[in-house]
Amino acid sequence: GNSVTQMEGPVTLSEEAFLTINCTYTATGYPSLFWYVQYPGEGLQLLLKATKADDKGSNKGFEATYRKETTSFHLEKGSVQVSDSAVYFCALSYHGNNRLAFGKGNQVVVIP
Amino acid sequence: DSGVTQTPKHLITATGQRVTLRCSPRSGDLSVYWYQQSLDQGLQFLIQYYNGEERAKGNILERFSAQQFPDLHSELNLSSLELGDSALYFCASSVEGSGSPLHFGNGTRLTVT
């Protein structure tokens, strides 16, 4: 079935460091891929998306490229800020339906 | 602000009880989705409605049920509550169209004591 795998464990890094969060997926058909961010006490917010292979989604300095050959959608940001501290979820939508399957999420902590 | 409204924000109840969670989707969105978020299970899809009709079912227990009304708001009913039902319950909505993102409410935190 459709599933998303995110790298294990929280990510702690210093301000202005480079951030990468790995995401790989298993899917039938041609899913769309998403990154969502969740700040404490809030719901999930769409960060970026890509709907077909080789598409690059970008927003607020974050980027991710839909790689069909490696079934991956890794999230990157060149220089993180303290305000980027949050939980980040990778997700895919089912072919023909917009419901999402989520990865387990990664807590990102940025230290000043 | 996502435009999706969930009430109540917090709910504390006892085992065996029944509760109703309410969701108002974004204006114009016909699809409503319910998710459960817990520390051990992560984000689990429960059920989806489209324009009043059930569209897809996920890991929803038989003790749980949902519906979408003609004004498009949705309710999630949880009955015979158990301690393990304590979680954050999110509602999301979307427009139709492949690749349309889901817009999430801020959730209802349910605590079963």
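Residues numbered from 1 in each chain as written. Chains lettered and ligands numbered in written order. Predicted model: local features only at pLDDT ≥ 70, side-chain atom pairs only at ≥ 80, totals over all residues. Heavy atoms only, no water.

Peer 1: Just to check I follow, could you spell out the sheet that holds strand β9 (residues 75-77) of chain A for this structure?
Peer 2: Through backbone hydrogen bonds, the strands of a sheet pair up, either in parallel or in antiparallel fashion. All names here are of chain A. Strand order in the open sheet made by the 4 strands is β3-β9-β8-β7, with antiparallel pairing throughout. Two strands bound the open sheet, and with one partner strand each, they are β3 (19-21) and β7 (56-59). Neighbour-to-neighbour, the strand axes of the sheet open up by a mean angle of 15°, direction not taken into account. Here β7 runs beside strand β8 (residues 62-65); their pairing, made up of 4 bridges, is antiparallel. When the sheet's bridge partners are listed, Asn59 is paired in β8 with Phe62. (Pairing = 2+ DSSP bridges. Helix = DSSP H or I, 4+ residues; strand = E, 2+ residues; numbered from the N terminus. Axes fitted to C-alpha atoms, helices over the stretch in contact; angles between N-to-C directions.)

Peer 1: Looking at this model, I keep getting lost on the sheet that holds strand β8 (residues 74-78) of chain B. Mind explaining?
Peer 2: Residue and element names in this part refer to chain B. Pairing is antiparallel in the open sheet, where 4 strands are placed in the order β1-β3-β8-β7. Taken across any chain shown, the strands that pair with only one partner, and hence form the sheet edges, are β1 (5-7) and β7 (64-68). Between one strand axis and the next, the sheet turns by 15° as a mean value, whatever way the strands run. Pairing of β7 with β8, which is carried by 5 bridges, proceeds in the antiparallel orientation. Residue Ala66 lies in a different strand from β8, and its bridge partner there is Leu76.

Peer 1: Sorry, what's going on with the layout of surface pockets here?
Peer 2: It is the rolling of a water-molecule-sized probe over the atoms that shows where space remains empty. By volume, the largest pocket is sized at about 690 Å³. Forming the boundary of the largest pocket are 27 residues, of which Gln38(A), Gln37(B), Leu39(B), Leu88(B) and Arg109(B) lie nearest the centre. Elements with a minimum of two residues in the lining of the largest pocket: β10 (86-93) and β12 (106-111) of chain A together with β4 (31-38), β5 (42-50), β9 (87-94) and β11 (108-112) of chain B. Ranked by residues supplied to the lining of the largest pocket, first place goes to β9(B) with 3 residues. For the lining of the largest pocket, the residue count by class is 10 nonpolar, 12 polar and 5 charged. Volume-wise, the second largest pocket comes out at about 460 Å³. Lining the second largest pocket are 28 residues, with Val4(A), Phe102(A), Gly103(A), Leu43(B) and Gln44(B) positioned closest to its centre. When contributions to the lining of the second largest pocket are tallied by element, the ones reaching two or more residues are β1 (3-6), β11 (100-102) and β12 of chain A together with β5 of chain B. Grouping the amino acids of the lining of the second largest pocket by side-chain chemistry returns 10 nonpolar, 14 polar and 4 charged. (1 Å grid on protein atoms, 1.4 Å probe; cavity = no way out; pocket = protein on both sides within 12 Å on 5 of 7 lines; lining within 4 Å. Points joined across faces, edges and corners; volume = space filled by probe spheres on them. Nonpolar A, V, L, I, M, F, W, Y, C, P; charged D, E, K, R; others polar.)

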